[in-house]
Amino acid sequence: MPADELESEGLDPAQRKRRLIDAVKALTLRGAAEQPLVLIAEDMQWVDRNSEEYCEALVDSVAARPLVLVFVHRPGYVAPWQDRSFHERLTLEPLSEDDTAAMVKKLLTARDVSPAVRELVVSRAEGNPFFIEELTRYLRERELHEGAQASDARIPATVHDLLTARIDRLPDELKRTLQRAAVLGRDFTLTLLERIAPPDVDVKGDVADLVRLELLREKDVFPDLRLSFSHLLVQQVAYDGLLLKARAELHARAGAALETLYPGRADDIVQDLAEHYAKTPDRAKAIHYLERAGDRALGLFAYAEAGDYYRRAVSLLADGDTDAVSRPRLLGRRGDAAYARGALAEARGHWADALAAVDAARERRLAADLQRRMGVACWDAGESDEALAHLGRGLAALEADTANLEAARLFQELGRISFRRGDHGEATDWAKRALELGGALGAADVMSNAYNTWGVALARAGDIEQGATFVARSLETALAHQLGAVACRAYTNLAVMYATIDHTRSLEYCREGLALAQKIGDQLQQSWLHCTLAGGHCTLAGDYDAGVRAAKEAIELDEKLGQRNHLPIPLIILAQVYQCRGEYEPSAHYYQRALDVAESVGEPQLLFPCYEGLATLAIERGDEAEAEAWLTRSREVQDTTGWSTDTFLVLPFLC
């Protein structure tokens, strides 16, 4: 494949995420090829979505390799791979009464356990090992583990109460050190704990005592001693014991200490900085770091987490805040995070809020870019008129300020949508403007898309060879600048164009494009390419079953993504396959489904084959009146676009 060395730059967030997961998976499997591996992941109930997706990708490679994956989690977590035949679930039941008694005996180093102690621990702990351990410790420390004293009603009833009592019994300075540590999170470094403690406190000595008491554990020793709480509940109870004012002060000190300890490396610890300052009265720093944390999460494909950081940043903006830039920018980023995870309606809502908040007179380019994003989202949803309206408002927002990247991207989107709406002349004009400005700005994404649009417009006008030349330039530019999504679009169009020029080369383009789309995770272009393959299977190879499978894969992808502007294509292909087989009833069904969507989108290259197909079915039934009605609609499309029947038949679907 020509794009073997394609890197992450230039790919959209979903594609970069797919590449990262594939890279880490490949590294793991390479290790398994060297020697058998056992990978253990604990506390899966807390797993983030990205790590879970990596695990899911790895799971499917287990059966054929010397690799064992062990996932440990609490009840309630549902593993995405639980339906795999090679997955085995082992449930750890609560400890039995005998096992509980044996554990208590071991913890007390006693020869036997009295009936009263046994009954108390069994009834209270209910087989929970951590509860058994803490309750036994409580009884031993208070010498209540002998005989009837163990039934004293004052013994805490929950593990939370046990931990509270245990922490309260610590010496004051030891307790305060533990509470300061709790502010830093489940894991923390000794250096940071020393920075937030008063100068006269022996932090190292306190930490040594807390480790001995099994409240803290040493986790790493290099390059700095890193500690962790022995259990999440220990940290929570210690933190809850702090007054709100004390918490805020300690969080502020932790944030300032981190800034001092990591000068110039804020991106490495930006999430910690965001969490600390968000719990202080310093709104400016909280908003600053929450936004940066959101940007970092977005770059790591953690879309839900990114959206939550932006949401928290927006919530800290006062209602009367005079900052005319922060609110629309943050709302726009919330929209980006939602769009990246496929929440189209939510993204549009955030972008609409951002547009309502932006001061168009001061932030013309931001307003224009928000309008462009809204336009793209509307097009994805099949609302072409609204899409064009947003793009037009984006240009209006810029006024005379059009020598910038925002304008260039608006030009290329206007060209692409104009083509899809059937106006190849206007599409060509916009593409030329985008190409000129993109070249002046050095914007490879704009140039590659502009070449693509210009090429498909030429092909629709009848000059297929010249059009293919322009799309080939698009592909060359996209691959040279690592623009995966744009390259996939070019592969799709070249596969369609060469179907009438060189069938073998068409199939090569299609396969290379599909391989690249799968490699980078571009599901939309996978859908286009599946359709191109389906058409090739049917018209060139005569393999209708393969065509049906490819079309159904495309339908599934389109419905999953909500891509109404592409969904009619695989539906039309299915209708054509059934029509060729002489199965007219399912053929009519799929033509009608395609037409229902296509009419809402209003795209000529989607309407024409529906009208033509339904007309030929009517002819097969001998219904000449209905056939003429559909053919009349078909001629109206041709008259509107200036395209011929041959053009539609030769180049059925271009993107």
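Residues numbered from 1 in each chain as written. Predicted model: local features only at pLDDT ≥ 70, side-chain atom pairs only at ≥ 80, totals over all residues. Heavy atoms only, no water.

Another aspect to go through is a nonpolar patch on the surface. Together, Val38, Ile40, Val68, Val70 and Val72 give the surface a local cluster of nonpolar side chains, amounting to about 410 Å² of exposed area. Sorting the residues of the nonpolar patch by element identifies strand E1 (37–41) and strand E2 (67–71) as the ones contributing at least two each. Looking at the element boundaries, Val68 is found in strand E2. (Patch = residues over 30% accessible without salt bridge, like charges linked within 9 Å, V, L, I, M, F, W, Y side chains within 5 Å. Areas by Shrake-Rupley, 256 points an atom, 1.4 Å probe, with all protein chains shown as cover. Salt bridge = Lys/Arg side-chain N within 4 Å of Asp/Glu carboxyl O. Helix = DSSP H or I, 4+ residues; strand = E, 2+ residues; numbered from the N terminus.)

Here we have 3 strands laid out as an open sheet, ordered E3-E5-E4, and antiparallel in their pairing. Single-partner strands in this sheet number two, and they are strand E3 (187–189) and strand E4 (216–220). Each neighbouring strand pair of the sheet contributes to a mean axis angle of 35°, computed without reference to strand direction. Sheet topology places E4 next to strand E5 (residues 226–229); 4 bridges connect them, and they run antiparallel. By the bridge assignment, Arg217 is partnered in E5 with Ser228. (Pairing = 2+ DSSP bridges. Axes fitted to C-alpha atoms, helices over the stretch in contact; angles between N-to-C directions.)

So, on to empty space enclosed by the protein. In the structure shown here, the tally under the stated rule is 1 cavity of 30 Å³ or more. Put simply, the largest cavity is a space of about 30 Å³. What lines the largest cavity is simply Glu134, Arg137, Tyr138, Glu141, Arg142, Leu162 and Arg166. When residues in the lining of the largest cavity are grouped by element, the largest group, 4 residues, is from helix H5 (residues 129–141). (1 Å grid on protein atoms, 1.4 Å probe; cavity = no way out; pocket = protein on both sides within 12 Å on 5 of 7 lines; lining within 4 Å. Points joined across faces, edges and corners; volume = space filled by probe spheres on them.)

Here Arg311 shows up in helix H14 (residues 303–316). You can call Arg311 partly exposed: its relative accessible area is 36%. Considered as a pair, Arg311 and Gly294 are 17 residues apart in the sequence and their alpha carbons are 9.3 Å apart. (Buried < 20%, exposed > 50% of the residue type's maximum accessible area, 1.4 Å probe, protein only.)

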